[in-house]
Structures are given as structure tokens and as C-alpha cells.
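Observations on the model geometry
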Amino acid sequence: MRLSGSVFLLWLIFFGRNAVAQEQITLEQVVALALEKNYDVLLVKNSAQASSTDNSYANAAFLPSLNATGSKLWNKNNQKQILANDSLVERNGVRTENLQGSVQLIWTLFDGTKMFALRERIAEQEVRGSLNVKDQMVNTIAAVIVNYYNVVRQKQQWMALQEQISVNEERVKLATRKLEVGVGGKPELLQAKVDLNAQRTSMLQQETIIAQLKDLLNGLVGQQLPTNFDVADSIAINLNLQQSAIQSAVSVSNYSLLSAKEGISIARLSLRERTAEKFPVINFVSAYNFSRRENSLAINQFTPLFDQNRGFNYSFSATLPIFNGFNNRRLVQQARLNVARTELLYEQLKVNVDIGLRNAFVNYDNAKKVLLIEEENILLAKENVVIALESFKRGIATFIELRTAQQSLADGYNRLITARYNAKIAETELLRLNGALLK
């Protein structure tokens, strides 16, 4: 027993040094890293930047298009002609060069206001992209809080095991003394050692759980946390959240709802675009043309050796869709159905958020009540262990009574730590649905 106790003491010293060497990371630091390095956030930001880029060029829909074309052609031909007076003209190796160039401007003056709807839709898409980024940030912050405090929870379990091990060590010492003076039995000592070893095993298992949870937390921040890091010892809980205040603000602060509402506006603008395609399109068209032709030989007296043309022209054109296989009607109907679909999705999401909010507050309210009970209960369990241990020292209580008190303390710690964690999860869910985590 002395050997195993020495080994355990050395192990505690080694682990304590590692714990001191670990850098403590606060929740705020992890959240800041997650908003900067989390891959889900980065992907949504990338999509939002694409929408922002489109919007920066949205006014280009009102500008004309200008295109230039040019070509140069070389020909070498053998030509033979019989004229009306029966004269024969024949030339071999006639070389010809053609140079052509054109600059054309097309300016859409009217397209049924489609260009206006397009510009508004692109602007709404940028707004929605920004809301999606905020929504992902809120979800990421919630995930970080849940994972961070899960590590804290398991750390508290580890600390509770430490306290219980110290009680078991004292119990082993007392059982050994009783056996030495002849007032105790060996089964009592053996059971005390078995219980102590069981708790040491639980301690090792707890360390494995903590290491795994730390890896999960590190994954949320793109593996940016230190190799060895520690978390806080306690779970901070806000016990003053009011359901009425959260419920009244959720429609204007929940970023998922706001994004879905923007989706309705985007769908309606797409419908405007499809409807505008029924109207005529009026364009202003202008071009500057240049052409030059050079012949090495004149086949007859009417063939020019050099011919050059250049000039400017302009016109107005109108295109009126008359019949295209009812394709435009189909597109308009599909756009209307898409508007109805986005409205249904918004209403569904709103119902889900309302239900989630009510359920979260029920969990939050019950977790607060359970927490108050368990905080009182742990004080009773601790006092009971102290009394049982002192009574065991004096021979008043049996080892079974002491073991029962120890088990009550272990169960009390489990319930208290779970109650704290559940209260924090419920609080986090309320703030996530309200969008307050980002604020």
C-alpha cells in the first residue's frame, strides 16, 4: 500500500506541474479565434463577399455595352472571266488584302424595368449575405460556449474526484490503523483500497475525456489554440434572463429570421424580372465601321486596285416578344411559386424559433430551480462526509456508513455539475435564438 501510495503521489506531482505549465484560455479568447478562424464562418464570409462584389457592379446594368471587332484577310486567287462582249480576261496569282474593323455600342433604354429589379435584387442579396454571416457567427459562438463549458464541466468532475480521493485515502489510513490495533477487520481495509483504486481509474478516464473535448474545442478555431491549454474553473451563468424581453425582440434580432425575410424580397424581385420580360426591349445602337481592300491586279477596268470605306451609323431598335412557346408564362409562374415557397419557409422558421424559444426558457427556468437545490444539497453532502469521517475515526460509525456518505457526496457533485452545465446550455440557447450572443 505504501508503494502504490507513493506512485500515486508522484503522479499527482507530475500532473500538477503540467497543469501549472498549461496556458489558461478564457472563453472570450476562444470566441475571438472562432470568429476569425472557424471554417464555417470563413465559408459564409466568402459567399457574402461574392454577393458584395456583384452589388458593387450592379449599376453597370444601366450602362451601354461597347464592343470592337477587327480582322485582316489575305487571298491569292486564279481568276477567269468572260465578259458580255465575249472577251476573255484571265489572271493568275491575284493577291487581295482585306482589312475590316468595327466599334459597336448597344444601350438598352427600356426593358420593362427589368434592370431596376435586377439592381435591387443584387443589393438585397448582399444584405442577406451579411445576415447569413452574422447568423453563422451566432451559431459558432454558441457551439464554442457549449464546448468550452463542457471542458470546464469535466474539469470540475476531475476536481470533485480529487476531493473524493483524499477522503478515500484518509479512510484507507484509518482502516489500516484499526487493523493494526486489532479493532478493525481486513475486509474493511480491502474494500477501502478497492474504492480508492476505482476512483483513481475514474480520474484517468476523466483526463481522457478532457483531452478529447479540448481537441473538439480546438477544431472549432482551426487548431489555433496552444498545444497545452487550460480552461476556467467555474461556469458563469446569467440567472436573470426574462422570457418576455427575449420573445419581443426575437423577430428583429434572430438573424435566421431576418435572412429568410430577405429571401422573400429577393424572390419578389425575381418575379419582377420575369414579368418585365413580357414588355418590349428598346435599344440604341451605334457603330463606327472601317474597311479597306487592296488588289494586286485589276482583272478589268472596273476592278479597283484600292477601296476604303469608313463611317458612323446609329439606330433605335425594338424587340417585342410575341410567342416563345409559353416559356415566359412558365417562368413567371415558377417565380410566383418561388415567392410562395419562401414565404412558407419564413413562416415555418418563425414557428420553429418560437417553439424553440419557449422550450429553451422552460429548460432555463427548470435548470435554475435544480441548480439552487443542488447547491444546497452539496453543502449537506459535504457536511455529512465530514461527520461520518470523524465518527469513523472514533469508532462510532461503520465503514458502510462512511462509504454511503461518500457515495452521496459523489452523486451530489455529479448532479450539481450537471445542473450548472444544463443551466448554461439553456441560457446559451436563449441568447442564440435572440441573436444576443453576437452583440
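Criteria and cut-off values
- Residues numbered from 1 in each chain as written.
- Predicted model: local features only at pLDDT ≥ 70, side-chain atom pairs only at ≥ 80, totals over all residues.
- Heavy atoms only, no water.
- Helix = DSSP H or I, 4+ residues; strand = E, 2+ residues; numbered from the N terminus.
- Buried < 20%, exposed > 50% of the residue type's maximum accessible area, 1.4 Å probe, protein only.
- Contact = heavy atoms within 4.5 Å.
- Areas by Shrake-Rupley, 256 points an atom, 1.4 Å probe, with all protein chains shown as cover.
- Core = buried A, V, L, I, M, F, W, Y, C linked by side-chain atoms within 4.5 Å.
- Salt bridge = Lys/Arg side-chain N within 4 Å of Asp/Glu carboxyl O.
- Pairing = 2+ DSSP bridges.
- Axes fitted to C-alpha atoms, helices over the stretch in contact; angles between N-to-C directions.
- pLDDT = per-residue confidence, 0-100.
- Expected span 1.5 Å × (residues − 1).
- Arc of directions from axis to C-beta.
- Patch = residues over 30% accessible without salt bridge, like charges linked within 9 Å, V, L, I, M, F, W, Y side chains within 5 Å.
- Phe/Tyr/Trp six-rings, centres within 6.5 Å; stacked < 30°, edge-to-face > 60°.
- Lys NZ or Arg CZ within 6 Å of the ring centre and 35° of its normal.
- Parallel < 35°, antiparallel > 145°, perpendicular 65-115°, else oblique.
- Left-handed = near helix turned anticlockwise from the far one by under 90°.

What follows covers the overall build of the protein chain. Along the protein chain, the regular secondary structure elements total 9 helices and 6 strands. For the protein chain, the spread of C-alpha atoms along the three principal axes comes to 150 × 55 × 35 Å. Within the protein chain, the fraction of its 439 residues that count as buried is 35%. Considering only contacts within the protein chain whose residues lie at least 6 apart along the sequence, 83% involve residues at least 24 apart. In the form shown here, the protein chain has an accessible surface area of approximately 25700 Å², with 55% of it arising from carbon and sulfur atoms.

Counting 54 residues, the largest nonpolar core has Val30, Val144, Tyr148, Tyr149 and Leu430 as its most contacted members. Elements represented by at least two residues in this core include exactly helix H2 (27-37), helix H4 (114-181), helix H5 (186-220), helix H6 (243-253), helix H7 (255-276), helix H8 (327-394) and helix H9 (399-434). Sort the elements by how many residues they give to this core and H4 lands first, with 15 residues. With 17 residues, the next largest nonpolar core counts Ala160, Ala388, Phe392 and Ile417 among its residues.

In this section: the pattern of salt bridges. As enumerated under the stated definition, the model contains 16 salt bridges in all. Here arginine 415 makes a salt bridge to glutamate 374, at a shortest N to O gap of 3.2 Å. One end of the pair, arginine 415, is in helix H9; the other, glutamate 374, is in helix H8, and 41 residues separate them in sequence. We note a salt bridge from glutamate 427 to lysine 424, for which the minimum N-O separation is 3.3 Å.

This brings us to the sheet that holds strand E2 (residues 65-82). Pairing is antiparallel in the open sheet, where 4 strands are placed in the order E2-E3-E5-E6. Edge positions in the sheet fall to E2 and strand E6 (306-319), since each of these pairs with one other strand and no more. Ignoring strand direction, the axes of neighbouring strands in this sheet form an average angle of 15°.

Residues of the protein chain with pLDDT of at least 70 account for 94%, and the chain-wide mean is 88. Between the elements of the protein chain, mean pLDDT differs from a low of 44, seen in helix H1 (residues 2-21), to a high of 96, seen in H7. Within the model, pLDDT remains below 50 along residues 1-20, and this stretch shows 14 contacts once partners closer than five positions in the same chain are excluded.

This part covers the pairing of strand E5 (residues 281-295). Along any regular strand the residues' side chains alternate between the sheet's two faces. By the bridge criterion, 14 bridges tie strand E3 (residues 88-110) to E5 in an arrangement that is antiparallel. For glycine 101, the partnering residue across the bridge sits in E5 and is phenylalanine 290. Relative to E6, E5 runs antiparallel, the two sharing 14 bridges. Among the inter-strand pairings, arginine 292 is bridged to a residue of E6, identified as glutamine 308.

The subject of this paragraph is the side chain of threonine 342. With respect to the element layout, threonine 342 can be found in helix H8. Overall, the relative accessible area of 12% leaves threonine 342 in the buried class.

With that settled, the discussion passes to H8. Along an α-helix, residues three or four positions apart point the same way, because every turn accommodates 3.6 residues. Helix length check: H8, at 68 residues, gives a terminal C-alpha distance of 96 Å against a target of 100 Å (1.5 Å per residue), a fit within 8%. Glycine 395 sits one or two positions beyond H8 and adopts a positive phi of about 85°.

Our next topic: the side chain of glutamine 156. Examined against the element boundaries, glutamine 156 turns out to sit in helix H4. With relative accessibility at 9%, the residue glutamine 156 sits in the buried group. Residue contacts for glutamine 156: discarding those within four places in its chain leaves Asp233, Ser234, Ile235, Ile417 and Arg420.

Attention shifts here to H6. Looking only at H6, the buried set comprises Ile246, Val250 and Ser253. With its buried residues spanning 90° around the axis, H6 presents them on a single face. Exposed positions of H6 whose direction lies more than 90 degrees from the buried face are Ser244, Ser248 and Val252.

Quick look at a nonpolar patch on the surface now. Residues Trp107, Leu109, Phe110, Phe279, Ile282 and Phe316 make up a contiguous nonpolar surface patch of roughly 580 Å² in combined accessible area. Of the residues forming the nonpolar patch, the biggest block, 3 residues, is contributed by E3. For tryptophan 107, the location among the structural elements is in strand E3. For tryptophan 107, a relative accessible area of 36% puts it in the partly exposed group.

Within this structure, the stated rule accounts for 7 aromatic pairs. Plain terms: the ring middles of phenylalanine 284 and phenylalanine 316 are 5.2 Å apart, the flat faces sit at 55° to each other, and that makes the pair tilted. Taken together, the residues span a long stretch of sequence, with phenylalanine 284 in strand E5 and phenylalanine 316 in strand E6 at a distance of 32 residues. Judged by its relative accessible area of 58%, phenylalanine 316 falls in the exposed class. Members of the aromatic cluster, connected to one another through ring pairs, are Phe284, Phe312, Tyr314 and Phe316. A cation over a ring is seen here: lysine 214 above phenylalanine 229, with NZ or CZ 5.2 Å from the ring centre.

With that out of the way, let us pick up the environment of isoleucine 141. With respect to the element layout, isoleucine 141 can be found in helix H4. Along the primary structure isoleucine 141 and glutamate 28 are separated by 113 residues, whereas in three dimensions their C-alpha atoms are 9.8 Å apart. Excluding anything up to four places from it in sequence, isoleucine 141 contacts Val31, Leu35, Leu437 and Leu438.

With that settled, the discussion passes to the packing of H4 against H8. Contact geometry for H4 and H8: axes closest at 10 Å, N-to-C directions at 15°. What the angle tells us is that H4 and H8 run roughly parallel. Between H4 and H8 lies a crossing whose hand is left-handed. In contact with Glu163, Val167, Glu170, Arg171, Leu174, Ala175 and Lys178 of H4, H8 contributes Lys382, Val385, Leu389, Phe392 and Lys393.

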